[in-house]
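# Coordinate analysis (summary)
Spelled out from the first residue to the last, the chains are:
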Amino acid sequence: MEEIAELSKKVLDYAVAAGASYVETRFHNDFERGVALKNGEVEAVEANYEMGLGLRVLVNGGLGFASTNILKPENVTRIVDKAVKMARASSSLKSGRTVFSEEEAYSLDWRVSEKKRLEDWSFNDKIAFLKSLDETIMNLGINVSSRYIAYSEGKTERLYRNTEGALISSLVPRPSLFALITVADSSKGIMQRTLQFGGSGGLEIVESWRLNEKLVNEVKTLHKMLTESIKPPDGVVDVVVGSEVTGIISHEASGHPGEADRILGREGAQAGESYLKISDLNRRIGSEVVNVVDDPTIPGSYGFYLFDDEGVKARRKYLIKEGRIYEFLTNRETAASLRVKSNGSARASGYDVEPIVRMSNTYVLPGEHSVEELLSDVAEGVYVKSFMEWNIDDKRWNQRYVGLEAYMIENGKVTKPVRSPVIEITTEKLFSSVDAVGKDLDFTAATCGKGDPMQGIPVYTGGPSLRIRGIRVGSVG
Amino acid sequence: MVELHEKVLKMLTDRGVEEAIVILYSTGKDSVRYANNEPTISVSEKIDTLTIYSSIKERSFIGSFENVSENFLERIVDDVVTITKNSPPTPYYAPVPKGFFSYRVGKKVERKLSRLDERLVSHVSDAVKASREAGAERSAGILYSSHGEEKLVSSTGLNLQEEFAAITLNHRAFASPEATGQWVSCSTSLEGFNPYEAGRKAGEIARMSLNPVLIEEGVYDVYMEPLIFANIMNEVAGFASGFLVQIEMSFLTGKIGEKIGSEKITVVDDPTIPGGLGEKVFDDEGIPTQRTVIIENGVLRNYLHNSRTAKVAGASSTGNAGIISPHPWNIVVEPGNVKEENMMQKLGKGLYLTNSWYQRYQNYRTGDFSTIVRDGAFYVEDGEIKHPVKGCRISDNLQRILSNIEELSDKLYPIKWWEVEVPTYVPAAIIRNVKITRAFGY
């Protein structure tokens, strides 16, 4: 890393001499190794190593980014020249200047430790573990027509430096697992489930997933839903959603629309804009029991970081507080536009992409009710514990979640399984109809996509169970 | 001079790797992103990537490496050899192809697309200006220009090389926050690139979309513009991947020879079209690419295979590797015979939709899905647009959509944008009985 620190210093000096008023470099040394089982057999062992340098420059108020993994001096000089030249050309079309919020410049190192090192878990043991998972699933007496289970462990090592004096190094190891399970029944058809697990840390994170127990439960549930579920009610009923569904709601209907770059139009042609305007802070969007936060500092979480990819210190942000819009997610560019300090939400998926405004771990804060209490007050409704299909419009107003594990609620009791209940609802109606919040906080790992080129980043979505009064439920088909 | 990929191949075989394929990609890509009519950031990249496949006694490894400087080669090769040796044998193993393949020659590439630099900004300016002239207030988008080289060597003696270049613009115009239009211009040559037309068309759709009326849920006949039809057909062709078929992540699993669509629909993967956005001479195993019919007049004919998926299926490679997962290169939906100007009349009554995004599946195997309609959407009666609509979601099934295709227009458009990763050439389509839903609470 010393060589790289030296190189990044040279890049800063060179770009300033070329006319940049601000320069930052971000060097990544990332690697990921994994193995996938296709129907119980190893498909192949895979690895992905990425190492390179990304830099941003401000020139005459124009913003430029360049990246390369060819670290020979003549090539680095060439890409710096190009970044400066392109930023200058862009500035000629701008009516104003891009500026960054003023932030403290930190000089430090932070890293996530592995309590149990992933490297000490031998490669053959990892494969044996995956095979044992697969065998367990296949020994349940259920027709699992196909399984795909992919385990991966990555490590991202970064060195960030800017012309304001920041110099931050970091290291984050992240194990993850993806599974697609298909269950078939000769008369009832086919049902599928995708699952994702992830966290930051070592083997202790993998152990915390309790994969054996979870996969067994998922397969049994899939089979039950496939063979026993009835058509869901078609009409307006009460709904209780489990943590997994609460998580995707918090991510899609609160997190994304609260990203300041969307609000300011910067993602307009791709991920879109937002139902929120700059003037919408304090706008009521939900009932008083709804509180949504984004918190990158949760130890062991998939979206963990302590400093963002602009060197700004991470912190927990309230996105919705007591039902009102409280704070937007910002990076330094959008914070300057909003005349605030950045709240440390800039993330880049790799050295070769610019840092943009992102979520980390977004979740609904837990309340005080047990799940039984939430259910007990529902005369007729649907309990949606998990989902498969979902989407939301590009202003984050019109969303759909289709349940996978779901049951009827009758007189306060969970009764028959129901097939693929559809919740299709506006954001305000959804958050406004929440009347009680559970205390069963849990998280789901996910990969959030945004940007062009697309940047997939690790996040948690989460929350407790929620009771939602009087919303429409429909069915697929 | 021995090049990097050749050197790596030799190092691997010297250390006991029995079979290997090494590919060196060298890419240069420039882009300008813009929003609110102004550039937000310019981006340049110059990246070399090594992809290595290796196998020893049916144990196999696949990796990509961007730490490609000479200092790291020893480490890369050591890691590859160690990991390969320690892997268990896989029943999915297939030998690295060898033989006397015949490759197409004469592919032409416009290298100057890698050297446009500041001129990209003026192309952006053209698109923004055109949208304004057409009635939009503001525009956002991204313009990419790229050039790359791919060099492949294998332990079976293949030594191949090809180049790529393309320029693509994805442009969205806003006449109001609710009234938007999107269009693209994608080409492998500057001559075929028309940012002004992309801006004009997006601007016009945006202007037409002012003051939309909330959609009523129901089953509608739909006229799909090429952009939304490409979003859907890109997914359909992707599901022909032998890998996705074998893990049942595809509604096409188990349906070879079955009628899965209307007689009007024929979908091919054709990387052999000269000047095509996805033109490709050889795949990641060095096998010559070919034209493969996926769906012919509504009947599912072929999956796309690499050597591994072909082995499982008892078929032959179709030249679509990806070593692990085969994929299409250049999707073509064969045109129909309706003139574009007659499509609205053919629709009669229904919806005219221009774009969509966020397509997700309840069940990949059955093809139950939904996708959000975005940008211009219009209610049509008597072959005429009556008013724009908002809040639409297509909530249907892929096979049902294919089966209900009634007409295709006679002109193809090349589409590649955020939602369409693999270049897709499509006409416009008329699809009967599409289920449209909307959210509760509007």
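In terms of helices and strands, chain A carries 10 helices and 24 strands. Each principal axis of the C-alpha atoms in chain A carries an extent, and together these give about 70 × 55 × 35 Å. Residues classed as buried in chain A amount to 65% of the 477 residues present. Here chain A displays about 16500 Å² of accessible surface, and carbon together with sulfur accounts for 48% of that area. Across chain A, 60 positive and 68 negative side-chain charges occur, with their mean positions spaced 2 Å apart.

Taking 1.5 Å per residue, 18 residues should reach 26 Å; helix α5 (residues 211-228) of chain A reaches 25 Å between its end C-alpha atoms and fits that length. Taken residue by residue, α5(A) has A:L211, A:L215, A:V216, A:E218, A:V219, A:T221, A:L222, A:M225 and A:L226 as its buried positions.

Here we take up unusual backbone geometry. Most peptide bonds are trans, and most residues other than glycine sit at a negative phi. The linkage connecting A:D452 with the following residue, A:P453, adopts the cis geometry, with an omega of 5°. Structurally, A:P453 is set in the loop between β22 (442-450) and β23 (455-463). Phi is positive for A:N282, close to 80°, though the residue is something other than glycine. On the secondary structure map, A:N282 appears in the loop between α7 (260-263) and β9 (292-294). With a phi angle near 60°, B:D375 is a residue other than glycine that sits in the positive phi range. Here B:D375 is to be found in strand β14 (residues 368-381).

Here the focus is the pattern of salt bridges. Residues and elements named next belong to chain A. Throughout the structure, instances matching the rule amount to 72 salt bridges over all chains. A salt bridge links E119 to R117; the nearest nitrogen and oxygen atoms lie 3.5 Å apart. The network of salt bridges with common partners includes D238, D377, D435, R467 and R469.

Moving on, we get to the interface of chain B and chain A. The parts lose accessible area when they come together, and the size of an interface is often stated as this lost area. Of the residues lining the interface, 88 residues belong to chain B; the matching set on chain A comes to 95 residues. When chain B packs against chain A, close to 7900 Å² is buried across both sides, 51% of that on carbon and sulfur atoms. Among the residues chain B hides against chain A, the three largest losses belong to B:Q362, B:W418 and B:F440. Together they make up 11% of the total. Here chain B and chain A share 10 salt bridges between them. With a shortest N-O distance of 3.1 Å, B:E217 and A:R472 are connected by a salt bridge. Between chain B and chain A we count 67 residue pairs in polar contact (both at pLDDT 80 or more) in total.

As a further point, take the sheet that holds strand β10 (residues 317-321) of chain A. Residue and element names in this part refer to chain A. In space, the 6 strands of this open sheet follow the order β11-β10-β9-β14-β23-β22, with mixed pairing throughout. Every interior strand has two partners, whereas the edge strands, β11 (324-325) and β22, have only one. Where helix α6 (residues 243-255) meets the sheet, its contacts fall on β9, β10, β14 (361-364), β22 and β23, and the angle it forms with β23 comes to roughly 125°.

Once that is clear, we can look at the packing of aromatic side chains. For any pair of aromatic rings, the description rests on two quantities: the centre-to-centre distance and the angle between the ring planes. The full count for this structure, using the stated rule, is 27 aromatic pairs over all chains. Look at A:Y22 and A:F100: their rings are 5.1 Å apart centre to centre, the planes differ by 80°, and that puts the pair in the edge-to-face class. One end of the pair, A:Y22, is in strand β1 (residues 22-38); the other, A:F100, is in the loop between α2 (73-91) and β4 (107-111), with 78 residues separating them in the sequence. For A:F100, a relative accessible area of 12% corresponds to the buried category. Ring geometry for B:F239 against B:Y361: centres 5.2 Å apart, planes inclined by 85°, an arrangement best described as edge-to-face. In this pair, B:F239 sits in the loop between α5 (226-238) and α6 (242-246) while B:Y361 sits in strand β13 (residues 350-363), placing the two residues 122 residues apart along the sequence. Exposure remark for B:Y361: the relative accessible area of 5% places this residue in the buried category. An aromatic cluster is built from A:F387, A:W390, B:W357, B:Y358 and B:W418, whose rings are joined through pairwise contacts. Over the aromatic face of B:Y144 sits the side chain of B:K29, whose NZ or CZ is 5.3 Å from the ring centroid.

Backbone hydrogen bonds hold the strands of a sheet together, and the pairing may be parallel or antiparallel. All names here are of chain B. Read across the sheet, 6 strands follow the order β11-β10-β9-β12-β19-β18 without closing on themselves; strand pairing throughout is mixed. On the outer flanks of this sheet lie β11 (299-300) and β18 (413-417), each paired with one strand and no other. Across 3 bridges, strand β9 (residues 267-269) lies against strand β12 (residues 331-333) in antiparallel orientation. Within the sheet, the bridge partner assigned to V267 lies in β12 and is V333. Helix-sheet contacts for α5 involve β9, β10 (292-296), β12, β18 and β19 (420-426), and the interaxial angle to β19 is about 115°.

The relative placement of two packed helices is expressed as an angle between their axes plus a distance between the axes. Residues and elements named next belong to chain A. Two numbers describe how helix α1 (residues 2-17) lies on α2: the axes approach to 10 Å, and their chain directions differ by 40°. Judged by the inter-axis angle, α1 sits oblique to α2. Crossing angle aside, the handedness with which α1 passes α2 is right-handed. Together, V11, Y14 and A15 of α1 and V76, T77, V80, D81 and V84 of α2 make up the contact between the two elements. The residue makeup of the contact of α1 with α2, split by class, is 6 nonpolar, 1 polar and 1 charged.

The rules behind these values
Residues numbered from 1 in each chain as written. Chains lettered and ligands numbered in written order. Predicted model: local features only at pLDDT ≥ 70, side-chain atom pairs only at ≥ 80, totals over all residues. Heavy atoms only, no water. Helix = DSSP H or I, 4+ residues; strand = E, 2+ residues; numbered from the N terminus. Buried < 20%, exposed > 50% of the residue type's maximum accessible area, 1.4 Å probe, protein only. Areas by Shrake-Rupley, 256 points an atom, 1.4 Å probe, with all protein chains shown as cover. Lys, Arg positive; Asp, Glu negative; His and termini not counted. Charge placed at Lys NZ, Arg CZ, Asp CG, Glu CD. Expected span 1.5 Å × (residues − 1). Salt bridge = Lys/Arg side-chain N within 4 Å of Asp/Glu carboxyl O. Contact = heavy atoms within 4.5 Å. Buried area = accessible area lost by both parts, 1.4 Å probe. Polar contact = N/O pair within 3.5 Å; in protein donor to acceptor, adjacent residues only side chain to side chain. Pairing = 2+ DSSP bridges. Axes fitted to C-alpha atoms, helices over the stretch in contact; angles between N-to-C directions. Phe/Tyr/Trp six-rings, centres within 6.5 Å; stacked < 30°, edge-to-face > 60°. Lys NZ or Arg CZ within 6 Å of the ring centre and 35° of its normal. Parallel < 35°, antiparallel > 145°, perpendicular 65-115°, else oblique. Left-handed = near helix turned anticlockwise from the far one by under 90°. Nonpolar A, V, L, I, M, F, W, Y, C, P; charged D, E, K, R; others polar.

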